[in-house]
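Take a look at the letters that make up each chain.
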Amino acid sequence: QVQLVESGGGSVQAGGSLRLTCAVSGDSVATACMAWFRQVPGKEREGIANIASNSDTYYANSVEGRFTISKDPAKNSIYLQMNRLQPSDTAMYYCAARAPCTGLWLYDFWYKNWGQGTQVIVSS
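Given the structure is predicted, the values throughout are model-derived calculations rather than measurements.

Structural notes on the sheet that holds strand β3 (residues 18–25)
The antiparallel open sheet is built from four strands, whose spatial order is β1-β3-β8-β7. Both outer strands of the open sheet, β1 (3–7) and β7 (67–72), are each paired with one neighbouring strand and no more. Strand-to-strand, the axes of this sheet are offset by a mean angle of 15°, without reference to chain direction. Strand direction decides the pairing type here: β3 and strand β8 (residues 77–82), joined by six bridges, are antiparallel. Opposite Leu-18, over in β8, you have Met-82 as the bridge partner.

Now the structure itself:
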């Protein structure tokens, strides 16, 4: 019932920018907790940013100051603006949702719905 579809990934050079989109159906970004995670093969999934129903945000230290999470309730979508990309940002990026929004955490088990992921490749 709940579906999350990521888009906007691609290949960029270090220092470049990308904007990821997560289109949500079956849930509302106005009331849910939403988050972005990323994962490299063979490594643990890393929570990088989340946004609460009241628009409070949190960022992992690895991306704070470079990435910005936002949402548009009218489009029922969330976004991840990624600036000054580094090769270490190369990963599959996933959108996640939890409803109701009872907290603001970056633990993967906390989120109940996930998108299929979109690949980001940053070359040096």
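As for unusual backbone geometry
In this structure, Pro-100 follows Ala-99 across a cis peptide bond, with omega equal to 0°. Looking at the secondary structure, you find Pro-100 in the loop between β9 (91–98) and β10 (113–114). For Ser-55, which is not glycine, the phi dihedral falls at a positive 75°. The residue Ser-55 is located in the loop between β5 (46–51) and β6 (57–59) in this model. A positive phi angle, near 50°, is found at Arg-84, a position not held by glycine. With respect to the helices and strands, Arg-84 occurs in the loop between β8 and β9.

Considering the state of the cysteines
Note on terminology: a disulfide is the covalent bond linking the sulfur atoms of two cysteines. The tally for this structure, following the rule as stated, stands at two disulfides. The side chain of Cys-33 participates in a disulfide bridge whose partner is Cys-101; the two sulfur atoms lie 1.8 Å from each other. Disulfide Cys-33-Cys-101: the torsion about the S-S bond is 75°, which places it as right-handed. Of this pair, Cys-33 sits in strand β4 (residues 33–39) while Cys-101 is found in the loop between β9 and β10, placing the two residues 68 residues apart along the sequence. Cys-101 matches Cys-33 in its accessibility class, with the two residues each being buried. Of note for the chain: the bonded cysteines, numbered N- to C-terminal, pair according to 1-3, 2-4.

Details of the side chain of Arg-66
Mapping Arg-66 onto the fold places it in the loop between β6 and β7. Of the residues examined, Arg-66 reaches a relative accessible area of 9% and is grouped as buried. Ignoring anything within four residues of it in the chain, the contact list for Arg-66 reads Gln-81, Met-82, Asn-83, Arg-84, Leu-85, Gln-86 and Asp-89.

Quick notes on the nonpolar core
Within the largest apolar cluster, 27 residues are counted, with the highest numbers of intra-cluster contacts made by Met-34, Trp-36, Phe-67, Leu-80, Met-82 and Tyr-93. Apart from the residues lying within four places of it in its own chain, the contact partners of Leu-80 are Leu-18, Arg-19, Leu-20, Trp-36, Ile-48, Ala-49, Phe-67, Thr-68, Ile-69 and Tyr-93. By size, the runner-up hydrophobic cluster in this structure holds nine residues, among which are Ala-35, Ala-52, Ala-96 and Trp-110.

Conventions and cut-offs
- Residues numbered from 1 in each chain as written.
- Predicted model: local features only at pLDDT ≥ 70, side-chain atom pairs only at ≥ 80, totals over all residues.
- Heavy atoms only, no water.
- Pairing = 2+ DSSP bridges.
- Helix = DSSP H or I, 4+ residues; strand = E, 2+ residues; numbered from the N terminus.
- Axes fitted to C-alpha atoms, helices over the stretch in contact; angles between N-to-C directions.
- Disulfide = S-S within 2.5 Å.
- Buried < 20%, exposed > 50% of the residue type's maximum accessible area, 1.4 Å probe, protein only.
- Contact = heavy atoms within 4.5 Å.
- Core = buried A, V, L, I, M, F, W, Y, C linked by side-chain atoms within 4.5 Å.

This is a description of form; function is not addressed.
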